[in-house]
Amino acid sequence: RKDSIAYCHSGYRSQAVKQALIQFPIKTFFVQDEKKNIVFTGEPLAQKDGFYVLDFSELAREGWYTLCAGDVCSRPFPIGGEAYLSAAWKALNFFFAERCGFDVPCIHTECHKDIMSVHPDGRKRSVAGGWHDAGDLTQDACNTAESVLAMLELAEAAMEKETQLGRRSLEEAR
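In what follows, the accompanying structure is described. Bear in mind the structure is a predicted one, so any value in this text is a computation, not a measurement.

1. Describing helix 3 (residues 163-173)
Item 1. Three or more residues of helix 3 are buried, namely L165, G166, R168, S169, E172 and A173. Around the axis of helix 3, the buried residues are gathered within 165° of arc, so they sit on the same side. In helix 3, the exposed positions that point more than 90 degrees away from the buried face belong to Q164 and R167.
Item 2. In this fold, the buried residues of helix 3 make contact with helix 1 (85-97) and helix 2 (141-158).

2. What to know about the pattern of salt bridges
Item 1. Applying the stated criterion across every chain, the model contains 5 salt bridges.
Item 2. Of the charged contacts in the structure, one is a salt bridge between R168 and E172, with a shortest N-O distance of 2.8 Å. Here R168 pairs with E172, and both are found in helix 3, just 4 residues apart, close to one helical turn.
Item 3. Classification of R168 as buried rests on a relative accessible area of 11%.
Item 4. A single network of salt bridges, built from pairs that share partners, joins R99, R168, E171 and E172.

3. Here's the deal with the packing of helix 2 against helix 3
Item 1. Where helix 2 contacts helix 3, the axes come no closer than 8 Å and their chain directions differ by 160°. As summarised for this structure, helix 2 and helix 3 are arranged roughly antiparallel, according to the angle between their axes. Judged by the twist between their axes, the crossing of helix 2 over helix 3 is left-handed. Contacts between helix 2 and helix 3 pair V148, M151, L152, L154, A155 and A158 from the former with T163, L165, G166, S169, L170, E172 and A173 from the latter.
Item 2. Tallied by class, the residues present in the contact of helix 2 with helix 3 amount to 9 nonpolar, 3 polar and 1 charged.

4. Topic: the nonpolar core
Where a protein is soluble and globular, its nonpolar side chains tend to be buried together.
Item 1. In terms of nonpolar packing, the biggest core is built from 18 residues, with I5, F56, L67 and F77 touching the most fellow members.
Item 2. At the level of elements, strand 1 (19-22), strand 2 (29-33), strand 6 (63-69) and strand 8 (77-79) are the ones that each hand at least two residues to this core.
Item 3. Take this core: its biggest share by element is 3 residues, from strand 6.
Item 4. Not counting residues up to four positions away in its chain, the partners in contact with I5 are A20, L21, I22, L67, A69, V72, C73 and S74.
Item 5. Core analysis: the second largest hydrophobic core is formed by 7 residues, A88, W131, A158 and L165 among them.

The rules we used
Residues numbered from 1 in each chain as written. Predicted model: local features only at pLDDT ≥ 70, side-chain atom pairs only at ≥ 80, totals over all residues. Heavy atoms only, no water. Buried < 20%, exposed > 50% of the residue type's maximum accessible area, 1.4 Å probe, protein only. Helix = DSSP H or I, 4+ residues; strand = E, 2+ residues; numbered from the N terminus. Arc of directions from axis to C-beta. Contact = heavy atoms within 4.5 Å. Salt bridge = Lys/Arg side-chain N within 4 Å of Asp/Glu carboxyl O. Axes fitted to C-alpha atoms, helices over the stretch in contact; angles between N-to-C directions. Parallel < 35°, antiparallel > 145°, perpendicular 65-115°, else oblique. Left-handed = near helix turned anticlockwise from the far one by under 90°. Nonpolar A, V, L, I, M, F, W, Y, C, P; charged D, E, K, R; others polar. Core = buried A, V, L, I, M, F, W, Y, C linked by side-chain atoms within 4.5 Å.

Laid out in structure tokens, this is it:
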């Protein structure tokens, strides 16, 4: 969009490449800290397709920052170890909203309890459970297994420093 900045809303790791894109010409851009102090200034790099790259990879100090290009500024984002935490929380919350056979308050009531799988010996089992899959058409065991594994790995990685995220990840994996 014109007059907007495309940047990583989750933030950037300290030693990672830090770039954003705009579609309007400017001479310089800047990054400011939480106290509105300008901590980085750079020149945009014009691309062939009408985009301009704003590269602020040199900025490695942990903290919360705002990127400004002309009169357009980003929302605050982190640089440092917590850069991707918001993405993990959003993913877990999305899984919660996609629970199948579960009453998700303000989103949907229990569902698919009336859809049965029939065993050759005649036993019937509800297919409710897990999470809705693409288009709510299937509940693929492979996707479920991979999702649970990712949640268990997240829980293990987060439990020491981000205990609440670790516990929430375990809850969703269960």
